[in-house]
Amino acid sequence: MKYINIANGPQQVSAIIQGCMRMPALSKEGAAKVIRTAFDCGINFFDHATCYGESGAAETRFCEAFPLTGLKREDIVIQSKCGLCFDRNEFDWTKENILSSVDDSLRRLGVEYLDTLLLHRPDLLFDPEEVAEAFNLLEQAGKVRFFGVSNLMPMQIELLKKYVKQPLVINQVQLSLEQSQLIDQPLYMNNKTTDFSISRDGSALDYCRLHDITVQAWSPLQIGMFGGTFIDNPDFPELNKALGEIAEREHASKAAVAIAWILRHPAKMQAIIGTMNPAHIKDICAAGDVTISHHDWYALYLASGKFLP
Ligand SMILES: NC(=O)c1ccc[n+]([C@@H]2O[C@H](COP(=O)([O-])OP(=O)(O)OC[C@H]3O[C@@H](n4cnc5c(N)ncnc54)[C@H](OP(=O)(O)O)[C@@H]3O)[C@@H](O)[C@H]2O)c1
């Protein structure tokens, strides 16, 4: 496993994060197996959100399962996110909602503090001064150690930074070989013959690198948002061929190679995996031992359907 230090944030965290969005589907014992397998493979970082499962069911299942793992709270980094309120059909970054969401997460997870709290997707009505007040209260009460955001454009982060005094240390965004818009646009800069040249995120990756914000790549194996995985998917023959060739050479799985492709990027990103299958977790965690050369990286990128301008 590779480990990174998050600037102004938690240190020595695994480059692969275990996402818990799909955990409500598991029994308590199944969830314990996922947590323990991930930890034994070197993962010390677990990602939650208030909206994962009905009434925060992912956090509840994690809490029920954790005592069965033999692990201690301090062994792991627990991250949660707030602000997505599917039950109310709105996004909500009001002070009141941020504070009550954190209290709910702490109660469901059975812990006294979150290592990191991210604001999930932007509330279009967000008031940065209110967010700042909420963060101050959470920090003073010892309920949250570090703060960050998810799916946020650079100018929105700048707006938050005008009022929020804590460093924003993480931006969690979508990135996979199939959904690579985070890195596509600069390659096709100013090219009117392709939609790849359209800036969809205000150069979020470069912005995060310039401001020491660690990028966490969500859904690293998915097609679109929740379209299933491209691994072994017959609709992606060239990509699977390229993944398969490197996988064979590296004695690893295709999924591990797809994750290693993200970790190879010099931005030192983390990849958040979502599998609930312990065998897949073991496979993927071999990504740290996969060598992706400069040429391999481009070969995979091109095999995913891009071209050199
Ligand atoms: N910030 C945001 O807006 C946002 C949005 C979405 C997700 N997330 C975070 O990102 C995490 C990961 O998302 P995700 O679950 O979509 O990620 P993913 O790792 O891209 O996809 C996991 C899914 O792919 C399946 N899969 C099929 N073949 C696989 C293989 N060979 N290896 C591994 N998985 C395989 C898994 O099934 P099996 O379980 O059967 O292996 C699982 O259903 C979530 O848990 C959540 O923490 C964040």
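The structure this text deals with has already been given above.
As the structure is a prediction and not an experimental result, all values here were calculated from the model.

Engineer: Residues and numbers for the site of the ligand, please.
Structural biologist: Every one of the 23 residues lining the ligand counts as a neighbour, but G19, M21, L221, G274 and T275 are closest to it. Residue classes in the shell around the ligand are distributed as ten nonpolar, eleven polar and two charged.

Engineer: Account for the environment of K241, naming residues and giving values.
Structural biologist: Here K241 shows up in helix α8 (residues 237–250). For the pair K241 and K254, spaced 13 residues apart in the sequence, the C-alpha separation amounts to 9.4 Å.

Engineer: Now, about unusual backbone geometry: what can you tell me, with residues and values included?
Structural biologist: The residue N8 is not glycine, and still its phi comes out positive at about 60°. When you line up the elements, N8 lands in the loop between β1 (3–4) and β2 (13–14).

Engineer: Please set out the nonpolar core residue by residue, giving values where relevant.
Structural biologist: I16, A256, V257, I259, A271 and A287 are the most contacted members of the largest nonpolar core, which has 92 residues in total. The leading source of residues in this core is helix α9 (residues 254–263), at nine residues. Discounting residues that sit within four places of it in the chain, I16 has contacts with M1, I43, I259, A271, I273, I284, C285 and A287.

Engineer: So, the packing of α8 against helix α11 (residues 294–303): which residues are in play, and what are the values?
Structural biologist: One way to put it is that α8 packs onto α11 with a least axis distance of 8 Å and a crossing angle of 155°. As summarised for this structure, α8 and α11 are arranged roughly antiparallel, according to the angle between their axes. Listed contacts from α11 to E238, L239, K241, A242, L243 and I246 of α8 are D296, A299, L300 and A303. When the residues that make up the contact of α8 with α11 are grouped by side-chain class, the tally is seven nonpolar, no polar and three charged.

Engineer: Give a description of the sheet that holds strand β4 (residues 45–47) that names residues and reports values.
Structural biologist: If you walk around this closed barrel you meet the eight strands as β3-β4-β5-β8-β9-β10-β11-β12, and the pairing is parallel. With strand direction ignored, the average angle separating the axes of adjacent strands in the sheet is 30°. Relative to strand β8 (residues 114–119), strand β5 (residues 77–82) is paired through four bridges, and the arrangement is parallel. Bridge pairing links S80 to L117 in β8.

Engineer: Pulling in residues and values, what's your account of the pairing of β8?
Structural biologist: Counting buried residues in β8 gives six out of six residues, a clear majority hidden from the surface. Inspection of the sheet shows β8 paired to strand β9 (residues 144–150) by five bridges, in the parallel sense. Looking at β9, one finds that L119 is bridged to V149. Once you follow β8 into helix α4 (residues 128–140) and on to β9, the crossover reads as right-handed.

Engineer: With reference to specific residues and values, describe helix α1 (residues 28–40).
Structural biologist: Taking 1.5 Å of rise per residue, 13 residues should cover 18 Å, and α1 covers 18 Å from first to last C-alpha, within 8% of that figure. Those residues of α1 lying buried are A31, A32, V34, I35 and A38. What you see down the axis of α1 is that its buried residues fit within an arc of 160°, all on one side. Looking one or two residues beyond α1, the residue adopting positive phi is G42, at roughly 105°.

Here is what the cut-offs are and how they apply
Residues numbered from 1 in each chain as written. Predicted model: local features only at pLDDT ≥ 70, side-chain atom pairs only at ≥ 80, totals over all residues. Near = placed C-beta within 6 Å. Nonpolar A, V, L, I, M, F, W, Y, C, P; charged D, E, K, R; others polar. Helix = DSSP H or I, 4+ residues; strand = E, 2+ residues; numbered from the N terminus. Core = buried A, V, L, I, M, F, W, Y, C linked by C-beta atoms within 7 Å. Buried ≥ 20, exposed ≤ 12 C-beta atoms within 10 Å, placed from the backbone. Contact = placed C-beta atoms within 7 Å. Axes fitted to C-alpha atoms, helices over the stretch in contact; angles between N-to-C directions. Parallel < 35°, antiparallel > 145°, perpendicular 65-115°, else oblique. Pairing = 2+ DSSP bridges. Right-handed = clockwise from strand over helix to strand, strands pointing away. Expected span 1.5 Å × (residues − 1). Arc of directions from axis to C-beta.

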